[in-house]
Amino acid sequence: MQTISQLVPLRSAVDALRADGPLALVPTMGALHEGHLTLVREARKRAAHVAVSIFVNPRQFGPNEDLDAYPRQLARDSALLEAEGVSLLWAPTVEAMYPAGYATNISVSGVSDGLCGAARPGHFDGVATVVCKLFNQVRPDMALFGEKDWQQLAVIRRMARDLDLTAPHVDAIIGVPTVREADGLAMSSRNAYLDADQRAQAACLPRAMQAAIAAMRGGTAYAAALDALRADLLAGGFHTVDYAEVRGSDSIALLDGPGSEAGRLFVAARIGSTRLIDNQPV
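Within any chain, residue numbers begin from 1 and follow the written order of that chain's sequence. Per-residue local features of the predicted model are confined to residues with pLDDT of at least 70, and side-chain atom pairs are confined, for both listing and counting, to 80 or more; whole-chain, interface and lining totals are unaffected and use all residues. Only hydrogens and water are set aside; all other atoms, that is, all heavy atoms of the structure, feed into the side-chain values.

Topic: unusual backbone geometry
- In this model, L115 sits at a positive phi of 50 degrees, which is unusual for a non-glycine residue.
- Put simply, DSSP H or I for four residues or longer makes a helix, DSSP E for two residues or longer makes a strand, and each gets a number counted from the N terminus. Among the secondary structure elements, L115 is positioned in the loop between α4 (94-97) and α5 (116-119).
- Looking at L115, the relative accessible area reads 4%, which means it is buried.
- The phi torsion at I252 lies on the positive side, around 60 degrees, for a residue other than glycine.
- Looking at the secondary structure, you find I252 in the loop between β7 (240-248) and β8 (263-271).
- Among the residues examined, I252 registers a relative accessible area of 2% and is labelled buried. Only protein chains enter the area calculation, which uses a 1.4 Å probe; residues under 20% of their type maximum are buried, those over 50% are exposed, and those in between are partly exposed.

Describing the pattern of salt bridges
- What counts as a salt bridge is simple: a side-chain nitrogen of Lys or Arg found within 4 Å of a carboxyl oxygen of Asp or Glu. Here the structure, examined in full by the defined rule, presents 17 salt bridges.
- Of the charged contacts in the structure, one is a salt bridge between D141 and R18, with a shortest N-O distance of 3.9 Å. Remark: R18 occurs in helix α1 (residues 7-18) and D141 occurs in the loop between α6 (123-138) and β5 (142-146); sequence separation between them is 123 residues.
- With relative accessibility at 16%, the residue D141 sits in the buried group.
- Among the ionic pairs, D278 bridges to R180, the shortest N-O distance being 2.8 Å. Of the two residues, D278 sits in strand β9 (residues 274-281) while R180 sits in the loop between β6 (172-176) and α8 (196-202), which places them 98 residues apart along the sequence.
- Note on D278: relative accessible area 3%, which makes it buried.
- Here the salt bridges do not stand alone but share partners, grouping E34, R41 and E84 into one network.

Topic: the packing of aromatic side chains
- Here the aromatic set is Phe, Tyr and Trp, taking the six-membered ring for Trp, and pairing holds for ring centres within 6.5 Å; pairs whose planes are under 30 degrees apart are stacked, those over 60 apart are edge-to-face, and all others are tilted. Within the structure shown, the criterion is met by three aromatic pairs.
- Note on F61 and Y70: the rings are 5.9 Å apart at their centroids and 75 degrees apart in plane angle, and the pair reads as edge-to-face. Of the two residues examined, F61 and Y70, each falls in the buried class.
- Geometrically, the ring pair formed by Y98 and Y102 is edge-to-face, given 5.1 Å between the ring centres and 70 degrees between the ring planes.
- The class of Y102 is partly exposed, set by a relative accessible area of 23%.

Quick look at the packing of helix α9 (residues 204-217) against helix α10 (residues 222-236)
- Helix axes use the C-alpha atoms of the stretch in contact, all axes being lines fitted to C-alpha atoms, and the angles between their N-to-C directions lie in the range 0 to 180 degrees. Packing of α9 against α10 leaves a shortest axis separation of 9 Å and a crossing angle of 160 degrees. Taken together, the axes of α9 and α10 are roughly antiparallel relative to one another. By crossing handedness, the relation of α9 to α10 is classed as right-handed. Facing C204, L205, A208, M209, A212, A215 and M216 of α9, the residues of α10 in contact are Y222, A225, L229, D232, L233 and G236.
- Its residues assigned to classes, the contact of α9 with α10 comprises eleven nonpolar, one polar and one charged. Here roughly perpendicular refers to angles of 65 to 115 degrees, roughly parallel to angles under 35, roughly antiparallel to angles over 145, and oblique to all remaining angles. Take the far helix as the reference: if the near one is turned anticlockwise from it by less than a right angle, the crossing is left-handed, and if turned clockwise, right-handed. We call two residues in contact whenever any of their non-hydrogen atoms come within 4.5 Å of each other. Polarity classes work like this: nonpolar for Ala, Val, Leu, Ile, Met, Phe, Trp, Tyr, Cys and Pro, charged for Asp, Glu, Lys and Arg, and polar for all others, with Gly in that last group.

This is the structure:
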């Protein structure tokens, strides 16, 4: 596995890989877990070579968020990726990604409104900007993302369509189903922030979501099911619920009941200092 941190050698490396067959990209911020490795394995099924990026992107963190505390474990991550047969690890420095004088920002309206877009102002601008740069740097034939960050996936797909990145550079942006722990909690690098008691309490999140979905499918009004969901989370150990909403799977528009568009339940809640997110189809 090649490990590269500067743009000039990256260009030569990806040219050589793409000459040998399709190249898939798995963008990450590191602190890899089974969810990330599932993306890598799916990428290996679809492409001749897999490139993984590890970059903790400062532009998607707000001023009071966990940029400094976000886990960075490049040596461990590198060993995991090499064991999975990854061809290239792109691990740029902040200076390589955003050189002095950098002044461009990408903003995707519509699908970025509400949910994490409202709770974390500027977050999706940072995501869209860095992913666009990664696509231009690596020039993959496909890119894979986890569905746990469903709104992020919608933002990236919209950005790629609007900026004509779907051809020739990225022919497929592939969502891979969320990987979960045995108790149903979605795998996330931020789960490492939870102490033992918090980790046990966090399992309330997927259980409460499933109960709300069952209620809605059974005919309970969305508003009533969501009120019960919030109450379940607060009773189960979560301190605050940032949002609990049903939105359109594609449009990310707010839904107050069944309609023509498939809905998903989106939840963000805080336990201790840790903010967890999840989504499931209604």
